[in-house]
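Topology and contacts: notes
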Amino acid sequence: MKSFILILSLTLVAPVVADAQLKLREQNLPNPDNEPAPVHPVPHPRQLKWQETEFYAFFHYGMNTYTGREWGYGNEDPRLFAPTAQPDPRQWLEVAARAGMRGGIAVVKHHDGFCLWPTGTTEHNITASGNEYGRAVNIPADFAAAAGDLGMKYGFYVSPWDRNSEYYGSDRYVREVFLRQCAELAEYGDDQFEMWFDGANGGNGFYGGRNDVVSVDRNTYYDIPNLRDSIHRVCPDCVMWGLGGESRWIGNEAGWAGQSNWSTENRGCAPEGNGMYGSEDGWIWFPGESDAKATDRGWFYHDGERVLSPERLFRMYLETVGRNSTLILNLPPDRSGRLPEATADSLAALGDLLKSRFGNDLALKARVCADSERKPGRHRNYKAGNVTDGSKDTYWATDDSIEKAVLTLSWRQTQKVHYVELMEYIPKGQRVKKFRIEVSADGRTWERVAENVETSTIGYKRIIPLNGSTSDSYGKGYDVRKLRVVIVDSKACPLISKLSVY
Ligand code: FUL
């Protein structure tokens, strides 16, 4: 009887002990999830969130809207700012949302120095404007409130260059005007996603009546490191664009990024240079943003301007968002403080195009497999199926030694396909250097597609038109039973978080 009780208790206790031992061993393992090592540099979490914004609007509205200029001199009478109706930032953002955008940046001070909020830093602001509509508006407040209601991201453009301020060029301007203006703007919401600092700096201007030419070294003059730290204390997710050093100018204003485009760079704060392409061996994470106009004249509204066609805007989307850049598309409100109807219509049609072309992911009904899968860890696996599971936190990976690999989708029935979209798991760095896409109509023989496209980098997102053209019409598409992505070269084992087919 005694030995029976002993055996029984040993049988009950043994699994508990074994489990505890296993847990202890796991805790001591250096990498229980078998996670791949990062390839540096990697994004800051705020840059990651920012890259996820992808497509957002720019709204150039202010004194220039009423003078017909692009760069005001700084001597404009504040009374010239006289909206013909109550400016309506909510309508601006509604138009953006309809186009499929996830947020917007409102210009609240351009180079002319006129501030669209009641600032304590200068009298050159809306409280001195020409009518009740002008005096009643507070663009940062109204814009932030509308964004909150519509569930959109928001931020502000504040020009460092100020052609109105008498102090421009001295320390006093930086301390008492510019940094304070940024601080005031930060108070309009701690969830801002971007602050935009233009590269245009110094030159001639009114400067409080001095009518002078002032030049500054924009890399040192504005005390950017201090500004960045201070803003981040209040708005932790606010990426400081351009001069701010957290995301870079794409190097043109025509709405395109390089086909090969690294989110890594070697430069510090200077926003120009290798903007379109980034640098493969870059030592900072400095992802590109492409600023482009949706209209055919300036950044600000001009009589007689025309909005670009939805197809042209769709092409811009493919050549920016589809090439590892964000797209900030400018929509200029007119003198009533609203976006003209033609702009709203074209943008709505763009939204429809994006939905009809990218609304039905055919990869979701495909069988997914890979020629190689990384060994799973205790809480994480690296299966091929992770590329279609809808989660941005999972990914397909290979073992460390494998930098060439093939991901294949197969369908029971023939599918009509036009685009392939790929996303790398960038929290661990941008890796892929070369890949190709092949399709099979019969499930046995393979044909390479988009051969004229540089299928080099992927990054946060890459969209490949299978007919190789971003500018042509949508085309007839390809009939396929199977499709494969062949990763040919990568800085380290590739990590793919999403593969979509449209
Ligand atoms: C430029 C500015 O000088 C333009 O006026 C505009 O604001 C554009 C987005 O950036 O550098």
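Remember, it's a predicted structure, so these values are computed and weren't measured experimentally. (Residues numbered from 1 in each chain as written. Predicted model: local features only at pLDDT ≥ 70, side-chain atom pairs only at ≥ 80, totals over all residues. Heavy atoms only, no water.)

Take the overall build of the protein chain next. The secondary structure content of the protein chain amounts to 11 helices and 21 strands. By principal-axis analysis of the C-alpha atoms, the protein chain measures approximately 100 × 65 × 40 Å. Expressed as a percentage of its 502 residues, the buried residues of the protein chain come to 56%. A fraction of 75% describes how many contacts in the protein chain between residues 6 or more apart in sequence connect residues 24 or more apart. Entry remark: accessible area of the protein chain is about 21,000 Å², with carbon and sulfur atoms responsible for 50%. Looking at charge distribution, the protein chain has the averaged site of its 59 positive side-chain charges lying 7 Å from that of its 66 negative ones. (Helix = DSSP H or I, 4+ residues; strand = E, 2+ residues; numbered from the N terminus. Buried < 20%, exposed > 50% of the residue type's maximum accessible area, 1.4 Å probe, protein only. Contact = heavy atoms within 4.5 Å. Areas by Shrake-Rupley, 256 points an atom, 1.4 Å probe, with all protein chains shown as cover. Lys, Arg positive; Asp, Glu negative; His and termini not counted. Charge placed at Lys NZ, Arg CZ, Asp CG, Glu CD.)

Taken in spatial order, the eight strands of this open sheet run β7-β4-β3-β2-β1-β12-β11-β8, and their pairing is parallel. Every interior strand has two partners, whereas the edge strands, β7 (239–240) and β8 (248–249), have only one. Inspection of the sheet shows strand β1 (residues 55–59) paired to strand β2 (residues 103–109) by three bridges, in the parallel sense. Among the inter-strand pairings, Ala57 is bridged to a residue of β2, identified as Gly104. (Pairing = 2+ DSSP bridges.)

Let's shift gears to the site of the ligand. Inspection of the region around the ligand gives Phe58, His60, Trp71, His110, His111, Tyr157, Trp196, Asp198, Ala200, Glu253, Asp291 and Trp299 as its neighbouring residues. For the ligand, an oxygen atom lies 2.7 Å from a polar atom in the side chain of His60. One of the side-chain N or O atoms of Tyr157 is found 3.0 Å from an oxygen atom in the ligand. With the chains in place, 90% of the 290 Å² that the ligand exposes on its own is no longer accessible. Classifying every residue of the shell around the ligand gives six nonpolar, three polar and three charged. (Near = heavy atom within 4 Å. Polar contact = N/O pair within 3.5 Å; in protein donor to acceptor, adjacent residues only side chain to side chain. Nonpolar A, V, L, I, M, F, W, Y, C, P; charged D, E, K, R; others polar.)

Following the criterion strictly, the structure yields 34 aromatic pairs and no others. Ring geometry for Tyr56 versus Phe193: centroids 5.1 Å apart, planes at 85°, classification edge-to-face. You can see Tyr56 sitting in strand β1 and its partner Phe193 sitting in the loop between α7 (171–186) and β4 (194–196), a full 137 residues away along the chain. Tyr56 sits in the buried class, given a relative accessible area of 0%. Overall, the relative accessible area of 3% leaves Phe193 in the buried class. On the numbers, 6.2 Å between centres and 55° between planes, the contact of Phe143 with Phe156 is tilted. (Phe/Tyr/Trp six-rings, centres within 6.5 Å; stacked < 30°, edge-to-face > 60°.)

Turning next to the side chain of Gln47. Structurally, the position occupied by Gln47 is in helix α2 (residues 45–51). At a separation of 3.1 Å, a polar atom in the side chain of Gln47 contacts the main-chain carbonyl oxygen of Trp285. Non-local contacts of Gln47, meaning those with residues more than four positions away in its chain, are made with Val239, Glu246, Trp285 and Pro287.

Attention now moves to the sheet that holds strand β21 (residues 495–501). Working definition: the strands of a sheet are paired by backbone hydrogen bonds and lie parallel or antiparallel to each other. Spatial strand order, β14-β21-β16-β19: four strands in an open sheet with antiparallel pairing. Among the strands making up the open sheet, the edge pair consists of β14 (396–397) and β19 (462–465).

Moving on: unusual backbone geometry. With an omega dihedral of 0°, the bond running from His40 to Pro41 counts as a cis peptide bond. Along the chain, Pro41 turns up in the loop between α1 (2–28) and α2. Look at Asn324: it is not a glycine, yet its phi comes out positive at around 65°. You can see Asn324 is positioned in the loop between α10 (310–320) and β12 (325–330). The phi angle at Ala450 is positive, at roughly 50°, despite the residue not being glycine. Residue position: Ala450 is located in the loop between β18 (447–449) and β19.

If you trace the backbone, Thr457 turns up in the loop between β18 and β19. Of the residues examined, Thr457 reaches a relative accessible area of 2% and is grouped as buried. Setting aside residues up to four positions removed in sequence, Thr457 forms contacts with Gln259, Ser260, Asn261, Trp262, Gln430, Val432, Lys433, Phe435 and Arg462. Looking at Thr457, its side chain comes within polar contact range of the main-chain nitrogen of Asn261, at 2.8 Å.

Our next topic: the pairing of strand β16 (residues 419–424). Sheet faces and side chains relate simply in a regular strand, where the side chains alternate between the two faces. For β16, the buried fraction is high: six of the six residues fall into the buried class. Burial of the side chains of β16 extends over both faces: Tyr419, Glu421 and Met423 are buried on one face and Val420, Leu422 and Glu424 on the other. Bridge count for β16 against β19 is four bridges, and the pairing is antiparallel. Directly across from Leu422, in β19, lies its bridge partner Arg462. As defined by bridge partners, β16 adjoins β21 across five bridges and the pair is classed as antiparallel. Across the sheet, residue Glu424 finds its bridge partner in β21, namely Ile496.

For the protein chain, the assigned domains read domain 1 (45–358) and domain 2 (362–501). Here domain 1 and domain 2 have C-alpha centroids that lie 35 Å from each other. In this complex, domain 1 contributes 22 residues to the contact, which on the side of domain 2 involves 23 residues. Regarding the contact of domain 1 and domain 2, the summed buried area is about 2,200 Å², with carbon and sulfur atoms giving 54% of it. Considering only the surface of domain 1 that becomes buried against domain 2, Gln259, Trp262 and Leu318 emerge as the three largest contributors, covering 25% of it. Counting across the interface, domain 1 meets domain 2 through three salt bridges. (Domains from an automatic or database assignment. Buried area = accessible area lost by both parts, 1.4 Å probe. Salt bridge = Lys/Arg side-chain N within 4 Å of Asp/Glu carboxyl O.)

On to helix α9 (residues 224–234), then. What α9 keeps buried is the set Ile224, Leu227, Ile231 and His232. Along the axis of α9, the buried residues cluster in a sector spanning 125°; they form a single face. Residues of α9 that are buried sit in contact with α2, α7, β4 and β7. (Arc of directions from axis to C-beta.)

Let's shift gears to the state of the cysteines. Counted according to the given criterion, the structure contains zero disulfides. Cysteine Cys115 is unpaired, with the sulfur of Cys182 as its nearest cysteine sulfur at 10 Å. On the basis of relative accessibility, which here comes to 0%, the residue Cys115 falls in the buried class. In this model Cys369 remains outside any disulfide bridge; the closest cysteine sulfur is found in Cys493, 19 Å from its own. On the accessibility criterion, Cys369 (28% relative accessible area) is partly exposed. (Disulfide = S-S within 2.5 Å.)

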